[in-house]
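One-letter residues, chain by chain:
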Amino acid sequence: SSILLSLATGLLATNIVYVHSMVDTKIDTACEKQTLATILKTKQLQLIALSVFTFVPYVIGFIVSPILGFLLLITLPIAIFLIQTMKNNLRYKLLFRFLPKKAWKHIIKTGNEVFYTRWLLARNFMTLFVGIICLYYLCEALL
């Protein structure tokens, strides 16, 4: 189970980097930078790869323990929201309500809200997912 959950965590860490490379696909292509997003080229193939990085960890959770798998479904709305933001190139300011106003103003001023919205979403998704795994095993150890 440790190896499988390490794989799930690795996929989620890859997800963070991959989301960033999807945002930079046009720039990376112009600079001839080779990333998975530029290699896949089409938005449809990029979204399939994103879906693998996002949803395979759930399958792994169910393989390790059905109870853990069901607990991890708490994060499913975040996963779906992440896919939707990448699919539709949407800008969401909702996430920044958790940041100090000064930070949000600075991000807007520098024009980085698209990057930070998606990066924070992917990062927070991974943090919650892994946190649930940790809590599951802590409860299992205590009981």
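It should be emphasised that the depicted structure is a prediction, and the values quoted were computed from it without experimental measurement.

Peer 1: What is the right way to read the environment of Leu138 from this model?
Peer 2: Residue position: Leu138 is located in helix α8 (residues 113-142). Since its relative accessible area comes to 47%, Leu138 is described here as partly exposed. Between the alpha carbons of Leu138 and Ile27 there is a distance of 44 Å; along the sequence they are 111 residues apart.

Peer 1: Teacher, can you tell me more about the nonpolar core here?
Peer 2: In summary, soluble globular proteins display a tendency toward joint burial of nonpolar side chains. By size, the foremost hydrophobic cluster in this structure holds 29 residues, and its most contacted members are Tyr18, Met22, Leu50, Leu72, Met86 and Phe129. Counting only elements with at least two residues in this core, the list comes to α1 (2-23), α4 (43-64), α5 (66-72), α6 (76-88) and α8.

Peer 1: Would you mind showing me how to read the environment of Tyr137 here?
Peer 2: With respect to the helices and strands, Tyr137 occurs in helix α8. The exposure class of Tyr137 is partly exposed, given its relative accessible area of 27%. Sequence separation between Tyr137 and Leu68 is 69 residues, and the spatial gap between their C-alpha atoms is 9.1 Å. Look past the residues within four positions of Tyr137 in its chain and what remains in contact with it is Ser1, Leu5 and Val64.

Peer 1: How do you make sense of unusual backbone geometry when you look at a structure like this?
Peer 2: Outside of glycine, negative phi angles account for most residues, and trans bonds account for most peptide bonds. Positioned with a positive phi, Glu32 is a non-glycine residue whose angle comes to about 60°. Positionally, Glu32 belongs in the loop between α2 (25-30) and α3 (36-40). What makes Glu32 exposed here is its relative accessible area of 69%.

Peer 1: Whenever I open this one, the packing of aromatic side chains confuses me. Can you help?
Peer 2: Two measures describe an aromatic ring pair: the distance that separates the ring centres and the angle between the ring planes. Applying the stated rule across the entire model yields seven aromatic pairs. A ring pair is formed by Tyr136 and Tyr137, whose centres lie 5.0 Å apart and whose planes are at 85°; its orientation type is edge-to-face. These aromatic residues form a ring-pair network of at least three members: Phe55, Tyr58, Phe125 and Phe129.

Peer 1: Any chance you could explain the state of the cysteines here in plain terms?
Peer 2: Put plainly, two cysteines are in a disulfide when a covalent bond ties their sulfur atoms together. Applying the stated criterion to the full structure yields zero disulfides. Summary of cysteine pairing: Cys139 is not part of a disulfide, and the nearest cysteine sulfur, belonging to Cys134, is at 11 Å.

Peer 1: Can you help me understand the environment of Leu76 in this one?
Peer 2: Mapped onto the elements of the fold, Leu76 is located in helix α6. On a C-alpha basis, the gap between Leu76 and Leu12 in space is 13 Å, while along the polypeptide they are 64 residues apart.

Peer 1: Sorry if this is basic, but what is going on with the side chain of Ser21 here?
Peer 2: When you line up the elements, Ser21 lands in helix α1. For Ser21, a relative accessible area of 10% gives the class buried. Polar contacts involving the side chain of Ser21 include one to the main-chain carbonyl oxygen of Tyr18, which spans 2.8 Å. Residues contacting Ser21, with those up to four places away along its chain left out, are Asp28, Thr35 and Ala37.

Peer 1: Hey, could you run me through the packing of α4 against α6 in this one?
Peer 2: Contact pair α4 / α6: the axes reach a minimum separation of 10 Å and the direction vectors enclose 170°. The orientation of α4 relative to α6 falls into the category roughly antiparallel. Every residue of α6 that contacts α4 at Lys43, Leu47, Leu50, Ser51, Thr54, Phe55 and Tyr58 is listed here: Leu76, Ala79, Leu82, Ile83, Met86 and Lys87. Broken down by class, the residue content of the contact of α4 with α6 amounts to nine nonpolar, two polar and two charged.

Definitions and limits used
Residues numbered from 1 in each chain as written. Predicted model: local features only at pLDDT ≥ 70, side-chain atom pairs only at ≥ 80, totals over all residues. Heavy atoms only, no water. Helix = DSSP H or I, 4+ residues; strand = E, 2+ residues; numbered from the N terminus. Buried < 20%, exposed > 50% of the residue type's maximum accessible area, 1.4 Å probe, protein only. Core = buried A, V, L, I, M, F, W, Y, C linked by side-chain atoms within 4.5 Å. Contact = heavy atoms within 4.5 Å. Phe/Tyr/Trp six-rings, centres within 6.5 Å; stacked < 30°, edge-to-face > 60°. Disulfide = S-S within 2.5 Å. Polar contact = N/O pair within 3.5 Å; in protein donor to acceptor, adjacent residues only side chain to side chain. Axes fitted to C-alpha atoms, helices over the stretch in contact; angles between N-to-C directions. Parallel < 35°, antiparallel > 145°, perpendicular 65-115°, else oblique. Nonpolar A, V, L, I, M, F, W, Y, C, P; charged D, E, K, R; others polar.

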